[in-house]
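Listed below are the residues making up each chain.
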Amino acid sequence: MRNKPRNEPARKLQELLRLPPGERIDLSRYDARATPGAPDGKQAARADADRSGKQLARLQERLWAAATAGDHRRVLLVLQGMDTSGKGGTVKHVIGQLNPSGCRITAFKAPTEEERRHDFLWRVRRALPAPGEIGIFDRSHYEDVLIARVRHLARPAEIGSRYGLINDFERSLAEDGVTLVKCFLHLSYDEQRRRLLRRLDRPDKHWKFDPGDIDERALWPDYRKAYELALERCAAPHAPWYLVPADRKWYRNWAISRLLLEQLRDLDPRYPQADFDVAECRQRLLKQT
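Residues numbered from 1 in each chain as written. Predicted model: local features only at pLDDT ≥ 70, side-chain atom pairs only at ≥ 80, totals over all residues. Heavy atoms only, no water.

Q: How should unusual backbone geometry be read in this particular structure?
A: For residues that are not glycine, phi is negative in most cases, and the peptide bond is trans in most cases. You will see that threonine 84, though not glycine, has its phi angle at about 75 degrees, which is positive. Among the structural elements, threonine 84 can be located in the loop between strand S1 (74-81) and helix H3 (87-95). The class for threonine 84 is buried, based on a relative accessible area of 10%. Backbone geometry places arginine 139, a non-glycine residue, at a positive phi of 70 degrees. By the secondary structure assignment, arginine 139 is in the loop between strand S3 (134-138) and helix H6 (147-150). The class for arginine 139 is partly exposed, based on a relative accessible area of 21%. (Helix = DSSP H or I, 4+ residues; strand = E, 2+ residues; numbered from the N terminus. Buried < 20%, exposed > 50% of the residue type's maximum accessible area, 1.4 Å probe, protein only.)

Q: Just checking my understanding: could you explain the pattern of salt bridges for this structure?
A: Opposite charge on two side chains makes pairing possible when the charged atoms of those side chains draw close. Scanning the model with the defined rule gives 23 salt bridges in all. Taking the shortest distance from any N to any O, the salt bridge between arginine 151 and glutamate 216 comes out at 2.3 Å. Here arginine 151 is found in the loop between H6 and helix H7 (156-175), whereas its partner glutamate 216 is found in helix H9 (residues 212-217), with 65 residues between them in sequence. We classify glutamate 216 as buried; its relative accessible area is 18%. Here arginine 162 ties to glutamate 158 by a salt bridge, and the two come within 2.9 Å at their closest N and O atoms. Pair noted here: arginine 162 and glutamate 158 are both in helix H7, with a separation of 4 residues, about one helical turn. Given the relative accessible area of 30%, glutamate 158 is considered partly exposed. Here the salt bridges do not stand alone but share partners, grouping Glu191, Arg194, Arg195 and Arg198 into one network. (Salt bridge = Lys/Arg side-chain N within 4 Å of Asp/Glu carboxyl O.)

Q: Looking at this structure, I do not really get the nonpolar core. What am I missing?
A: Nonpolar side chains tend toward joint burial in soluble globular proteins. Among the nonpolar cores identified, the biggest contains 40 residues, and Leu76, Phe137, Tyr142 and Trp241 are the most heavily contacted of them. Listing elements by their share of this core, those giving two or more residues are S1, H6, H7, strand S4 (178-186), helix H10 (220-233) and strand S5 (241-245). Looking at which element gives the most residues to this core, the answer is H10, with 7 residues. By size, the runner-up hydrophobic cluster in this structure holds 33 residues, among which are Leu56, Leu98, Trp254 and Leu267. (Core = buried A, V, L, I, M, F, W, Y, C linked by side-chain atoms within 4.5 Å.)

Q: What is the right way to look at the side chain of histidine 141 in this model?
A: Assignment of secondary structure puts histidine 141 in the loop between S3 and H6. Judged by its relative accessible area of 0%, histidine 141 is buried. Here glutamate 170 takes part through its side chain, which lies 3.0 Å from a polar atom of the side chain of histidine 141. Apart from residues lying up to four places away in sequence, histidine 141 is in contact with Phe120, Leu121, Val124, Ile166, Phe169 and Glu170. (Polar contact = N/O pair within 3.5 Å; in protein donor to acceptor, adjacent residues only side chain to side chain. Contact = heavy atoms within 4.5 Å.)

Q: Looking at this structure, how should I read the pairing of S4?
A: The side chains of a regular strand alternate, residue by residue, between the two faces of the sheet. Most of S4 sits inside the fold, with 9 of its 9 residues counted as buried. On S4, burial covers both faces: Val178, Leu180, Lys182, Phe184 and His186 on one face and Thr179, Val181, Cys183 and Leu185 on the other are all buried. Taken together, the 5 bridges between S4 and S5 define a ladder with parallel strand orientation. Bridging across to S5, histidine 186 finds its partner in proline 245. (Pairing = 2+ DSSP bridges.)

Q: What's the story with the confidence of the model for the chain in this structure? I'm lost.
A: Residues with a pLDDT of 70 or more make up 97% of the chain, whose mean pLDDT is 93. Contacts of residues 1-9 to residues separated by more than four positions or lying in other chains number 13 contacts, the stretch itself having pLDDT below 50. (pLDDT = per-residue confidence, 0-100.)

Q: Even after reading the chapter, I still don't get the state of the cysteines, so can you show me in this structure?
A: By definition, a disulfide links two cysteine residues through a covalent bond between their sulfur atoms. Applying the stated criterion across every chain, the model contains 0 disulfides. With no disulfide of its own, cysteine 183 lies 15 Å from the sulfur of cysteine 103, the closest cysteine sulfur. Taking the relative accessible area as the measure of exposure, cysteine 183 reaches 0% and is therefore buried. There is no disulfide at cysteine 234, and the cysteine sulfur nearest it, in cysteine 183, is 15 Å away. (Disulfide = S-S within 2.5 Å.)

Q: Hey, could you run me through helix H8 (residues 189-201) in this one?
A: Think of an α-helix as turning once every 3.6 residues; residues three or four places apart then point the same way. Compared with the 18 Å implied by 1.5 Å per residue over 13 residues, the 19 Å span of H8 between its first and last C-alpha is a close match. Contacts from the buried residues of H8 go to H9, H10 and helix H11 (249-267). (Expected span 1.5 Å × (residues − 1).)

Q: Help me out: how do you make sense of the packing of aromatic side chains in this one?
A: The geometry of an aromatic ring pair is captured by two quantities: the separation of the ring centres and the angle between the planes. Applying the stated rule across the entire model yields 6 aromatic pairs. Relative to tryptophan 241, the ring of tyrosine 142 has its centre 4.8 Å away and its plane inclined at 65 degrees; by these criteria the two rings are edge-to-face. Taken together, the positions of tyrosine 142 in the loop between S3 and H6 and tryptophan 241 in strand S5 put the pair 99 residues apart, joining distant regions of the chain. With a centroid separation of 4.8 Å and an interplanar angle of 40 degrees, the aromatic rings of phenylalanine 184 and tyrosine 227 are classed as tilted. With phenylalanine 184 in strand S4 and tyrosine 227 in helix H10, this residue pair connects regions lying 43 residues apart in the sequence. The pair formed by phenylalanine 184 and tyrosine 227 is uniform in burial state, with each residue classed as buried. Through a chain of ring-to-ring contacts, three or more aromatic side chains come together here, namely Trp250, Tyr251 and Trp254. Above the ring of tyrosine 189, the side-chain terminus of arginine 217 is found at 3.7 Å from the ring centroid. Of note, arginine 233 hangs over the ring of tyrosine 163, and the distance from its end group to the ring centre comes to 4.7 Å. (Phe/Tyr/Trp six-rings, centres within 6.5 Å; stacked < 30°, edge-to-face > 60°. Lys NZ or Arg CZ within 6 Å of the ring centre and 35° of its normal.)

Dropping the structure here:
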């Protein structure tokens, strides 16, 4: 048995953060300031994240390299959460550790006219990572059972049918070699208010503020219910949900990086073997002057 590296969680973070499939979810029971599995404090977590980032980058390169030899596996990180929960910040943090050429990032906004002419999964399929890539969704297909439900953008029966369509879609992804890492960034009501106030207090953050954020905040109970339903109805062994406490930004960043690292370790991608005579090529180069 290998020795456990310093600060490595005793249990996989996947086990600590995975929501139980098939059970009723009550988000009020989860502490948004909790730090399950984290090293001892912010500084230790940042140091651990730096070390993990190097491992993550090496594994990403192996995944990308394996695709050149026909390995179809890829990873899709789905980030969902209330406004200010840190989806964009998480993307920035994760991409800082990876080679951008092996990543595909999509931030889903309100659907365009063209997208409205198709089913709600059409634009999602177009944004999926290619073999060897790590895809990151800042919001995702879940918007169509979240804001669509809260803002009554579709008939209740249509929204109800989307849970099953999402489950079928995610099952097909898993069967096609996609590892789904679905993270719900769990933010508290009070912390969201503090973050919105900080945006108003800083002129360099005004561009991130929209007065409509206050109106959306008034719908917090409705959004919480919509999230609870999505977390309950769209969790499966091949597509689990991970609840990431997001009030502490340092923990959120550490946890997402750790979850990705664990998934890539489990995949264990390998560099492909050379399809040419290495020794012969080396001799040819040595003979050149």
